[in-house]
Amino acid sequence: MKLFNTKRTSLKKLSPEQIAVDIESLSVRLNQKKVLKKISMRIPAFSITSVIGQSGCGKTTLLNAMNRMNEIIPDHQTTGQIWMDGRDINQRRENVSRLRTNVGMVFQRPNPFPMSIYENVSFGLKLQNKNTRRQLDDAVERALINAALWDEVKQRLHEPAGILSGGQQQRLMIARALALKPKILLLDEPTSALDPLATLFIEELMQSLKKHTTIVMVTHNMQQAARISDYTAFIHKGELVEFTNSDKLFTNPKRKQTEDYITGRYG
Amino acid sequence: MSILGHRRSDFIAVNLSATAAAILSLSLLSILMYILVKGASYFAFFPTVIAQWELPSGEPQIEYAQQYHSDAGIGEVTLLLYNAVKQRNQQVTVDQTDIAITQPSTAVWTLYLNNGNLVFGHKLSLSMPDDNGVSLLPYSAEHSAKAKHAIYQLQQKRRVTVSALGPLQVKYAELRRIIISPDAALYERLVQKIDTQQRILQQLDWELAQYRLNFELANGEAESLALYNIEYILNTNALSWLDRVSFGALKIWNFLSDTPKQGNSTGGVFPALFGTLLLVFLMTFMVMPLGVLTALYLHEYAGNNRLTILLRTIITNLAGVPSIVFGVFGLGLFVFVMGTSVDEWFYMDRLPTPTFGTPGILWAALTMALLTLPVVIVATEEGLRQVPDGLKKGAMALGATKYEMIRNIVLPIASPSIVTGGILAIARAAGEVAPLLLVGAVMYAPNLPVDSTFPYVHLERQFMHLGVLVFEGVFHSQNNINASSMMFATCLLLIMVVLVLNSLASWLRFKLKKQYDWQSN
């Protein structure tokens, strides 16, 4: 398997250009509860990084922190810095809408809008209000091709998105995010609601996407994390326990907690 | 029967609830049927009979009459007569023993007058002016068409003259108002012009009156009426089935397009229908944005704190406030405070005659909007609650601001519920009477709120309303069968207006629901 023949840079030796997201002592409080505690990690560019951990350990919150989606919860508080492209996105003057177009997100359950396939994919672009019809057409086609969905839907672009199967819908969600050409793609358990074949499709898709996108994925499926991700972070009760090459983490974890988790002693 | 119906308690529960449902649907159905039957009688044709009786002085009396119905049990009969002296219809209910009713052997015609009266007569003939004076022609379709054509042309001419006279009279009034002595020559010329026009008018009126319908009353007295006063002439005893349908349709059309006559006891209801529809549309345009925005604020923007809870409680309770209270509030705030201020700011020159400072359709619509606001807010919030969080998050994750998310995702998905709120508001506003009586609805309004004089829409005007017309009909219905059936016909129309508005909104709701059906995912 490709698990062992991929060359990966060690996380400690990353040059500044190779870092997509640099998180420095990030703490998040949601509804008066400390969810993330002083997390610092550097997420390498053009690779797949998995975040694993028990339910409620803060994985999703970490993901949401990267495009400031935690702000949807009325009672939230974030401290620490998240650097992307030399900017701290937690700054007050950050344009959150533009940040979210640069950092795409796909959720656990496919959530297509009650519109046509075409409108779903072009939704983000239409909001920017600066694209002609032709540009939109091109962008939609490109996004659907990149999401490996084009051949299946090109005949029915203007039919409601609800008619697609679960796996197709999830790829549509990826296409919807890709249409905005994000630098980073956040995937929150993208395959947990899908059957094995659809999961395989999405995993292959992620492999092809990482050539030009940095992917951060939350997953409960440790086989999946080991199979497709280059790096894996283990979070436990809001703290980053271990973050290293996937091979290393799954074959030779340094910390006892990690070992307990991946061998199924808890969680 | 239900599969669970084998137990005794179940049996009782099933039968009790089924009985309750049956009673309910039966009563609803009977209300509808009652109004339908009573209202339809306004468009029905009643037989014309000969009524003979003796006056207290012993003098025999013979008249044609329309017989409404005879109650065999009581032995009373209700008749509609035409009083030639008073020139109006009269309704009498008499004992059958006092009166002899026979079927006429000759053709008796019913003349439907423009003013709503019915005149009965036989031996019709037409008087028409021609080159050598006036000629008498037998009544026939050909001759009456000819006469109608001539009358139509005369009336056309008359209309032209009247419209020419209008501005002249306005100018005359203006000249008279100026205190300083006006230009004598100009004044002279104006008076002369008015004089000529008026003489033309008199001439035309005289010519119009030359076309007459002659007939005989039951006692053989000759009578004649100017033809232009007669809307149509029917022999109601000899109507075929097809005639009944077609003239019934004509009556329905007149009911919808005519103005009320004789103190709202006959004629049509067009001003009331128009007023009702205009009121509902104005109210919808006011209440929908306000209600939807309030619901959006409460659900999407306001935090979940005590103030919001208090606000929600107030709104829900507002729905239970008696409508007359809203009427008093509308009168106090809108008419007396806002209307008076508007007059002081914009219509200073017309004071002390108030423009907006009196009840009018604008204030009525505002009051109704206030009355239906809770309904719209509650229904809209219900719809907003149904929008899945996942879709909202999805939109935000694609870079939508909160406003864009609400516009593109939340509002379309909630739109069926918003339309439902609109339906409920319309149904309530179209049927409400009590507050309207205080803020602008009247029994009779001489002008429509929309007409051909600048600025075309006169929202300060009082208006007529179907519900108010029904309310007024109650006072006539005791002693006037025609007015009573007109009241029921108005009821029927009111029900139909609400039904049509509701079905329109339901259709829209269905369309929207189909388009934004997120649940099919």
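All residue numbers here refer to positions counted from 1 along the written sequence of the relevant chain. Each chain gets a letter, beginning with A, and each ligand a number, beginning with 1, in the order they are written. This being a predicted model, a pLDDT of at least 70 is required before a residue's local features are given, and a value of 80 or more before pairs of side-chain atoms are given or counted; all residues contribute to the totals for chains, interfaces and linings.

Q: Before we go on, may I ask you to explain the overall build of chain B in this structure?
A: Looking only at helices and strands, chain B features 13 helices and 13 strands. For the radius of gyration, the atoms used are the C-alpha atoms, and the globule rule reads 2.2 Å times the number of residues raised to 0.38. On C-alpha atoms alone, chain B measures out to a radius of gyration of 31 Å, which is more than a quarter above the 24 Å that the 2.2 N^0.38 rule sets for 521 residues. In terms of principal-axis extent, the alpha carbons of chain B reach across some 95 × 85 × 40 Å. Buried means a residue has 20 or more other C-beta atoms within 10 Å of its own C-beta, exposed means 12 or fewer, and partly exposed covers the counts in between; C-beta atoms are placed from the backbone. Counting across all 521 residues of chain B, residues that qualify as buried make up 31%. Strands are runs of DSSP state E lasting at least two residues, helices are runs of H or I lasting at least four, and both sets are numbered from the N terminus onward.

Q: Sorry if this is basic, but what is going on with unusual backbone geometry here?
A: The bulk of non-glycine residues show a negative phi, and the bulk of peptide bonds are trans. Residues and elements named next belong to chain A. Of note in this structure, K38 is not a glycine but carries a positive phi near 45°. Residue position: K38 is located in strand β2 (residues 33-44). In this structure, A148 is a non-glycine residue whose phi angle is positive, near 55°. On the secondary structure map, A148 appears in the loop between α4 (133-146) and α5 (150-153).

Q: Sorry if this is basic, but what is going on with the interface of chain B and chain A here?
A: When the parts of a complex come together, some accessible area is lost, and that lost area is often used as the size of the interface. Contact residues are listed per partner, giving 19 residues for chain B and 21 residues for chain A. Counting residues per element, the ones that place at least two in the side of chain B that touches chain A are α9 (389-397) and α10 (402-431) of chain B. Ranked by residue count, the leading element in the side of chain B that touches chain A is α9(B), at six residues. Residues are sorted three ways: Asp, Glu, Lys and Arg are charged, Ala, Val, Leu, Ile, Met, Phe, Trp, Tyr, Cys and Pro are nonpolar, and all the rest, Gly among them, are polar. Looking at the side of chain B that touches chain A residue by residue, the classes come out as nine nonpolar, seven polar and three charged. Residues are scored as being in contact if the C-beta atoms we place from backbone atoms lie within 7 Å.

Q: Looking at this structure, I do not really get the environment of A:Y231. What am I missing?
A: Residue and element names in this part refer to chain A. Its place among the elements puts Y231 in strand β9 (residues 231-236). Along the primary structure Y231 and P44 are separated by 187 residues, whereas in three dimensions their C-alpha atoms are 8.5 Å apart. Contact partners of Y231, with chain neighbours within four places excluded, come to L11, P44, S47, T49, F243, T244, N245 and S246.

Q: Would you take a moment to explain the nonpolar core for this structure?
A: Taken as a class, soluble globular proteins show a tendency for nonpolar side chains to be buried jointly. Residues enter a nonpolar core if they are buried, belong to Ala, Val, Leu, Ile, Met, Phe, Trp, Tyr or Cys, and are joined to the set through C-beta atoms within 7 Å. The biggest cluster of nonpolar side chains holds 151 residues, and the ones touching the most others in it are A:A175, B:L279 and B:A365. When residues of this core are assigned to their parent elements, the largest contribution, 16 residues, is made by helix α8 (residues 361-385) of chain B. Once you skip the residues sitting within four places of it in the chain, B:L279 turns out to touch B:I361, B:A364, B:A365, B:M368, B:A429, B:F463 and B:H465. With 21 residues, the next largest nonpolar core counts B:Y64, B:L111, B:F120 and B:L213 among its residues.

Q: Got a minute to help me understand the sheet that holds β2(A) in this structure?
A: All names here are of chain A. A pair of strands is treated as paired once DSSP finds two or more bridges between them. Strands sit in the order β2-β1-β4-β5 across an open sheet of four strands; the sheet is antiparallel. In this open sheet, the two edge strands, each paired with only one partner strand, are β2 and β5 (87-88). Examined bridge by bridge, strand β4 (residues 76-84) and β5 share two bridges and lie antiparallel to one another. Paired with W83 across the two strands is D88, which belongs to β5. Across the face of the sheet, helix α1 (residues 59-66) comes into contact with β1 (19-30), β2 and β4 while running at roughly 120° to β1. Axis definition: a line fitted to C-alpha atoms, limited for helices to the stretch in contact. Angles are taken between N-to-C directions and run from 0 to 180 degrees.

Q: Help me understand the packing of helix α7 (residues 323-346) of chain B against α8(B), please; the structure alone is not making it clear to me.
A: For any two helices packed against each other, one specifies the inter-axial angle together with the distance between the axes. Residues and elements named next belong to chain B. In the contact formed by α7 and α8, the axes pass within 9 Å of each other and the chain directions differ by 135°. The angle between α7 and α8 places the two elements in the oblique class. Seen along the crossing, α7 lies across α8 with a hand that is right-handed. Seen from α7, the contacting residues are S323, F326, G327, G330, F334, V335 and G339; seen from α8, they are W363, L366, T367, L370 and L371. When grouped by side-chain class, the residues that make up the contact of α7 with α8 number seven nonpolar, five polar and no charged. Should an angle lie under 35 degrees it is considered roughly parallel, over 145 roughly antiparallel, and from 65 to 115 roughly perpendicular; all remaining angles are considered oblique. Each crossing gets its hand from how the near helix is turned against the far one by less than a right angle, where anticlockwise is left-handed and clockwise is right-handed.

Q: Quick question: what am I supposed to make of the pairing of strand β10 (residues 222-226) of chain B here?
A: Each regular strand shows side chains that alternate between the opposite faces of the sheet. Residues and elements named next belong to chain B. Where strand β9 (residues 212-216) meets β10, five bridges bridge the pair, whose relative direction is antiparallel. By the bridge assignment for β10, F215 is matched with E223. Linking β9 back to β10 in an antiparallel pair, the connection comprises five residues, with G220 at a positive phi of about 90°.

Q: Please clarify how the sheet that holds strand β7 (residues 184-188) of chain A should be interpreted in this entry.
A: Sheets are built from strands paired through backbone hydrogen bonds, the pairs being either parallel or antiparallel. Residue and element names in this part refer to chain A. Strands sit in the order β6-β7-β8-β3-β9-β10 across an open sheet of six strands; the sheet is mixed. Each edge of the open sheet is held by one strand with a lone partner, namely β6 (103-106) and β10 (239-245). Across the sheet, the mean angle separating the axes of adjacent strands is 20° when strand polarity is ignored. Across five bridges, the pairing between β7 and strand β8 (residues 214-218) is parallel. Opposite D188, over in β8, you have V218 as the bridge partner.

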